[in-house]
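# Coordinates in review
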Amino acid sequence: MANLTIEDNFPAGIRVLVIDDDRTSLHVVCMMLESCGYKVTKCTSGKEGLEMLRQEGQFDIVLTDVHMPDMDGFQLLEHVGLEMDLPVVMLSVDSSHENVVKGLKHGACDYLIKPVQREELEKIGEHVITWRRANAGIFDD
């Protein structure tokens, strides 16, 4: 895991993997993230995203759609939780209490309802900091 230092331009430079089978939603979310200063990599399937995470391992946070045909966001969340030390944010048009609770109980650090607002995406850098403090002890207070 790469060390992350907090700088004046934080959160610029945080590496985000965005996974969504809806190409329009993927494009919009990625454009908003890039406008916030994040370094964005995108893919259109859960399986492809998992392979990228396993091979490249150069991400600070994952944003994944919940409902995808090949591997849903909950399955991806499970793999990330077992294999990697990364925060995961779930994205979905499904705002049902059941799915939101399921995502958070299974380890997601947030569950955002589509259409996602730029203000919500600006805050994902905070999830990286919180995750690293809680799970890796990288930062000193």
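What this report covers is the structure whose coordinates are included nearby. It should be emphasised that the depicted structure is a prediction, and the values quoted were computed from it without experimental measurement.

## Observations regarding the sheet that holds strand E5 (residues 110-113)
With parallel pairing, the five strands of this open sheet are ordered in space as E2-E1-E3-E4-E5. Taken across any chain shown, the strands that pair with only one partner, and hence form the sheet edges, are strand E2 (39-43) and E5. If you compare each strand with its neighbour and ignore which way they point, the axes differ by 20° on average. As paired strands, strand E3 (residues 61-65) and strand E4 (residues 88-92) are joined by four bridges and run parallel to one another. Considered in E4, the bridge of Thr64 is made with Met90. Here helix H1 (residues 23-35) sits on the sheet and contacts strand E1 (15-19), E2 and E3; the angle it forms with E2, its principal contact strand, is near 170°. Sitting on the sheet, helix H3 (residues 73-83) is in contact with E1, E3 and E4, with an inclination near 180° to E4.

## Examining the packing of aromatic side chains
Tallied over the full model, the rule gives zero aromatic pairs. Directly above the aromatic system of Phe74 lies the positively charged group of Lys102, at a separation of 4.3 Å from the ring centroid.

## Looking at the packing of helix H2 (residues 46-55) against H3
Taken N-terminus to C-terminus, the directions of H2 and H3 make an angle of 15°; their axes are 10 Å apart at the nearest point. By the angle class used here, H2 and H3 are roughly parallel. Here the hand of the crossing between H2 and H3 comes out right-handed. The segment H2 lies against H3, with Gly46, Leu50, Leu53 and Arg54 engaging Leu76, His79, Val80 and Glu83. Per-class residue counts for the contact of H2 with H3 are four nonpolar, two polar and two charged.

## Some remarks on the environment of Val88
Counting through the fold element by element, Val88 comes out in strand E4. Exposure remark for Val88: the relative accessible area of 2% places this residue in the buried category. Val88 sits 23 residues away from Tyr111 along the chain, and the two C-alpha atoms are 9.0 Å apart. Val88 has contacts with Val62, Thr64, Leu77, Val80, Ala108, Cys109 and Asp110, leaving out every residue within four places of it along the chain.

Definitions and cut-offs
- Residues numbered from 1 in each chain as written.
- Predicted model: local features only at pLDDT ≥ 70, side-chain atom pairs only at ≥ 80, totals over all residues.
- Heavy atoms only, no water.
- Pairing = 2+ DSSP bridges.
- Helix = DSSP H or I, 4+ residues; strand = E, 2+ residues; numbered from the N terminus.
- Axes fitted to C-alpha atoms, helices over the stretch in contact; angles between N-to-C directions.
- Contact = heavy atoms within 4.5 Å.
- Phe/Tyr/Trp six-rings, centres within 6.5 Å; stacked < 30°, edge-to-face > 60°.
- Lys NZ or Arg CZ within 6 Å of the ring centre and 35° of its normal.
- Parallel < 35°, antiparallel > 145°, perpendicular 65-115°, else oblique.
- Left-handed = near helix turned anticlockwise from the far one by under 90°.
- Nonpolar A, V, L, I, M, F, W, Y, C, P; charged D, E, K, R; others polar.
- Buried < 20%, exposed > 50% of the residue type's maximum accessible area, 1.4 Å probe, protein only.

Interpretation note: all reported values are geometric properties and have no functional meaning in isolation.
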